[in-house]
Amino acid sequence: MHSYTTDTVCAITGTHPANLKSWMKQGLLTPQQYQERWSEHHLSEIQTLVGLTATGATLDEIWQGQQAASTVTTFGWAAPQR
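Residues numbered from 1 in each chain as written. Predicted model: local features only at pLDDT ≥ 70, side-chain atom pairs only at ≥ 80, totals over all residues. Heavy atoms only, no water.

Under an unreviewed UniProt entry, the name given to the protein chain is HTH merR-type domain-containing protein, and the source organism is Enterobacter agglomerans.

(A) Main features of helix α4 (residues 59–68). Those residues of α4 not exposed but buried are E61, I62 and G65. For α4, the angular spread of buried residues about the axis comes to 100°, placing them on one side. Tucked into the core, α4 has its buried residues touching α3 (40–54). Where α4 ends, the next residue or the one after it, A69, has phi of about 50°, a positive value. (Buried < 20%, exposed > 50% of the residue type's maximum accessible area, 1.4 Å probe, protein only. Helix = DSSP H or I, 4+ residues; strand = E, 2+ residues; numbered from the N terminus. Arc of directions from axis to C-beta. Contact = heavy atoms within 4.5 Å.)

(B) Inspection of the side chain of E61 at higher detail. Among the secondary structure elements, E61 is positioned in helix α4. What makes E61 buried here is its relative accessible area of 14%. Looking at E61, its side chain comes within polar contact range of the main-chain nitrogen of T58, at 2.9 Å. (Polar contact = N/O pair within 3.5 Å; in protein donor to acceptor, adjacent residues only side chain to side chain.)

(C) Main features of the nonpolar core. In this structure, V9, L20, W23, L29, W38, I46 and L49 are the most contacted members of the largest nonpolar core, which totals 13 residues. At the level of secondary structure, the elements contributing two or more residues to this core comprise α1 (6–13), α2 (17–25) and α3. Per-element tally for this core: the top contributor is α3, with three residues. Those residues in contact with L49, other than ones at most four positions away along the chain, are W23, L28, L29 and I62. (Core = buried A, V, L, I, M, F, W, Y, C linked by side-chain atoms within 4.5 Å.)

Here it is in structure tokens:
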């Protein structure tokens with residue numbers, strides 16, 4: 001099983017380390033087994049979060065969707081793609 005550093009995860013997903021910290025703190029990511037190491041499962045979760053936030057989903061909408069184990073419904077605006 002591969003594990004990734006925070007820098008590698010950020011390079012792969014295009015997110016910022018502050019986002020990872022915030023998402024972890026808010027319970028949107030599975031807790032890490034080892035600090036500063038991310039599993040392939042985490043990488044998949046992070047890519048999903050990046051995609052959902054790009055569609056305009058708020059963190060609250062994402063959290064509610066996770067708790068209900070359902071599709072995230074968003075009323076936000078899609079983020080511009082760069």
